[in-house]
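As a plain string of letters, each chain reads:
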Amino acid sequence: MSTAEPQVQPAPHEAVGLSVDDLHKLYYFMRLTRSVEDCVRRLYLQGRLQGAVYSSRGQEGTAVASAYALREGDYVAPLIRDLGASFTRGVEPRYVFAQWLGRSGGLSGGRDGNLHFGDLTHGVLPPISMLGAAIPLCAGIGLAGRQRGLKCVALTYIGDGGTNTGDFHEGLNFAAVLRLPLVLIVEDNGFAYSTPVAQHVAIKNFAQRGVAYGIPSETVDGNDVLQVYAASKLAVDRARDGGGPTLIEVKTFRMRGHAEHDDASYVPRDLIEHWEQRDPIELLVRYTSDRGLMDATTQSEIDDGINQEIETALEWADDSPLPVGISQGDGVYASPM
Ligand SMILES: Cc1ncc(C[n+]2csc(CCOP(=O)(O)OP(=O)(O)O)c2C)c(N)n1
């Protein structure tokens, strides 16, 4: 008779190396992102913001779980749907509010539009408006890191529409040939502005675009943070170990218009209803509550903390003065040596 103990299968989050504390953090960063964006939308409707307001509603899981796989010394270059990556890497909401309000306390000192903010102290690069341009940039960061003997990884994002740019193809090929430590997350969220995916590419899965350049590529459910984290961690570790770039395609959905001025009336109602059932925050709540890993009290403590954090952050940003005109050239050119 065998005396071997029965094998206990790890829970899915344990199998991908996440603790219960990690799950709470993933929930916190997704919820924080959604609450901040809701607040920014209200400010926009009140006419308090300049410029367009883009939302990552429904896609918070892709940015948060992928950035969660990075470590200090790594770099992330978010796009308009990736605010969660900035928070996950340590950017504080007060600077983001100040940025949106055009105040001197914003990360660009009130000298740029609401989107172009980054914080290199946390390895967060400002989004570049020209879609695809962050890919060669991140490939270059990987190359510079290697030349300096650093084991840093650069992770960036591109929407489905953005995979049709020259920079996407040139940057990815360059990274593939030089085996640079780049992780590229392709966010297939159904639409590029008002154009459905099937009307701008002849492929079903964007992972094929990575295969074409000879790099490991896979497609995961972008609204399942466990899947996004697992794929990202594998890719980040491989990049750090000299295994070259990876393309991760995440299937997700843009739950608002391209920006708040767009009512998305061209998006079929049944598609929205389908994805409403697959909300990334709700999926994580279901996963944790079904297993007794986050009870209602813990969840409301996190939620209350976020509400308080947002209130304080907004007050701080509101108290921050507008920039003075004379500062407009600051940061445009490097200071003379
Ligand atoms: C090179 C380039 N072409 C066009 C634009 C204008 N533009 C901004 S966002 C956008 C749609 C992008 O769609 P997608 O890449 O699918 O990302 P999503 O907005 O769905 O996240 C376009 C065409 C741009 N910023 N850069």
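In the block above lies the structure referred to throughout.
Bear in mind that the values here come from a model prediction, so they are computed numbers and not experimental data.

Thresholds applied
- Residues numbered from 1 in each chain as written.
- Predicted model: local features only at pLDDT ≥ 70, side-chain atom pairs only at ≥ 80, totals over all residues.
- Heavy atoms only, no water.
- Salt bridge = Lys/Arg side-chain N within 4 Å of Asp/Glu carboxyl O.
- Helix = DSSP H or I, 4+ residues; strand = E, 2+ residues; numbered from the N terminus.
- Buried < 20%, exposed > 50% of the residue type's maximum accessible area, 1.4 Å probe, protein only.
- Core = buried A, V, L, I, M, F, W, Y, C linked by side-chain atoms within 4.5 Å.
- Contact = heavy atoms within 4.5 Å.
- Near = heavy atom within 4 Å.
- Polar contact = N/O pair within 3.5 Å; in protein donor to acceptor, adjacent residues only side chain to side chain.
- Areas by Shrake-Rupley, 256 points an atom, 1.4 Å probe, with all protein chains shown as cover.
- Axes fitted to C-alpha atoms, helices over the stretch in contact; angles between N-to-C directions.
- Parallel < 35°, antiparallel > 145°, perpendicular 65-115°, else oblique.
- Left-handed = near helix turned anticlockwise from the far one by under 90°.
- Nonpolar A, V, L, I, M, F, W, Y, C, P; charged D, E, K, R; others polar.
- Disulfide = S-S within 2.5 Å.
- Phe/Tyr/Trp six-rings, centres within 6.5 Å; stacked < 30°, edge-to-face > 60°.
- Pairing = 2+ DSSP bridges.
- Right-handed = clockwise from strand over helix to strand, strands pointing away.

(A) Layout of the pattern of salt bridges. In this structure the tally under the stated criterion is 17 salt bridges. With a shortest N-O distance of 3.9 Å, Arg31 and Asp303 are connected by a salt bridge. Residue Arg31 is located in helix H2 (residues 20-45), and its partner Asp303 is located in helix H12 (residues 296-319); the two are separated by 272 residues in the primary sequence. Judged by its relative accessible area of 21%, Asp303 falls in the partly exposed class. In this structure, Glu92 and Arg94 form a salt bridge, with 2.9 Å as the shortest nitrogen-oxygen distance. Arg94 gets classed as partly exposed once you look at its relative accessible area, which sits at 24%. Connected via shared salt-bridge partners are Arg34, Glu60 and Asp279.

(B) The nonpolar core, seen in detail. One finds Leu26, Val36, Phe97, Leu155, Tyr157, Val183 and Ile248 to be the most contacted residues of the largest nonpolar core, which totals 61 residues. Other than its neighbours up to four places away in sequence, Ile248 contacts Val183, Leu184, Ile185, Val186, Glu218, Val220, Ala231, Ser232 and Ala235. Core analysis: the second largest hydrophobic core is formed by 23 residues, Leu79, Ala139, Val201 and Leu247 among them.

(C) Main features of the site of the ligand. Around the ligand there are 13 residues in total, and Arg81, Ser129, Gly161, Gly162 and Phe191 lie nearest to it. At 2.9 Å from an oxygen atom of the ligand is found a side-chain nitrogen or oxygen belonging to Arg81. When the free accessible area of the ligand is taken as 590 Å², the share hidden by the protein chains comes to 67%.

(D) Broad picture of the packing of H2 against helix H11 (residues 280-290). Running from amino to carboxyl end, H2 crosses H11 at an angle of 155 degrees, the nearest separation of the two axes being 10 Å. Relative to H11, the element H2 lies roughly antiparallel. For the element pair H2 and H11, the recorded crossing hand is left-handed. Contacts between H2 and H11 involve Leu23, Leu26, Tyr27, Met30, Arg31 and Arg34 from the first element and Pro280, Ile281, Glu282, Leu284, Val285, Tyr287 and Thr288 from the second. Here the residues of the contact of H2 with H11 sort into nine nonpolar, one polar and three charged.

(E) Representation of helix H5 (residues 93-100) in the model. Of all eight residues in H5, six are buried; the element is thus mostly enclosed. All buried positions along H5 are accounted for by Pro93, Val96, Phe97, Ala98, Gln99 and Trp100. The inward-facing, buried residues of H5 contact H2, helix H4 (83-88) and H12. Once H5 finishes, Gly102 follows within two positions and takes phi at roughly 70 degrees, a positive value.

(F) The arrangement of the environment of His116 in detail. Position of His116 relative to the elements: it lies in the loop between H5 and helix H6 (134-147). According to the relative accessible area criterion, His116 is partly exposed, its value standing at 27%. Along the sequence, His116 and Gly210 sit 94 residues apart, while their C-alpha atoms lie 28 Å from each other. Once residues within four sequence positions are removed from consideration, His116 is found in contact with Gln99, Ser108, Pro126, Pro127 and Ser129. A polar contact is formed between the side chain of His116 and the side chain of Ser129, at a distance of 2.8 Å.

(G) Representation of the state of the cysteines. Considering all chains together, one arrives at zero disulfides under this definition. The thiol sulfur of Cys138 is not disulfide-bonded, and the nearest other cysteine sulfur, from Cys152, lies at 10 Å.

(H) Broad picture of the packing of aromatic side chains. Scanning the model with the defined rule gives seven aromatic pairs in all. Ring geometry for Tyr68 versus Tyr229: centroids 6.1 Å apart, planes at 65 degrees, classification edge-to-face. Placement of Tyr68 in the loop between helix H3 (60-67) and strand S1 (75-77) and of Tyr229 in helix H9 (residues 225-240) is noted, with a sequence separation of 161 residues between them. Owing to a relative accessible area of 6%, Tyr229 belongs among the buried residues under this scheme. Between Tyr95 and Trp316 the ring centres are 5.3 Å apart and the planes differ by 85 degrees, which places this aromatic pair in the edge-to-face class. Of the two residues, Tyr95 is situated in helix H5 and Trp316 in helix H12; the sequence distance between them amounts to 221 residues. With relative accessibility at 23%, the residue Tyr95 sits in the partly exposed group. Ring pairs connect the aromatic residues Phe191, Phe253, Tyr266 and Trp275, which therefore count as one cluster.

(I) Molecular detail of the pairing of strand S2 (residues 154-159). Judged by how many residues are buried, S2 sits mostly within the fold: five of six residues are covered. Examined bridge by bridge, S1 and S2 share three bridges and lie parallel to one another. Looking at S2, one finds that Tyr75 is bridged to Ala154. Handedness of the β-α-β unit built from S2, helix H7 (residues 166-177) and strand S3 (residues 182-188) comes out right-handed.

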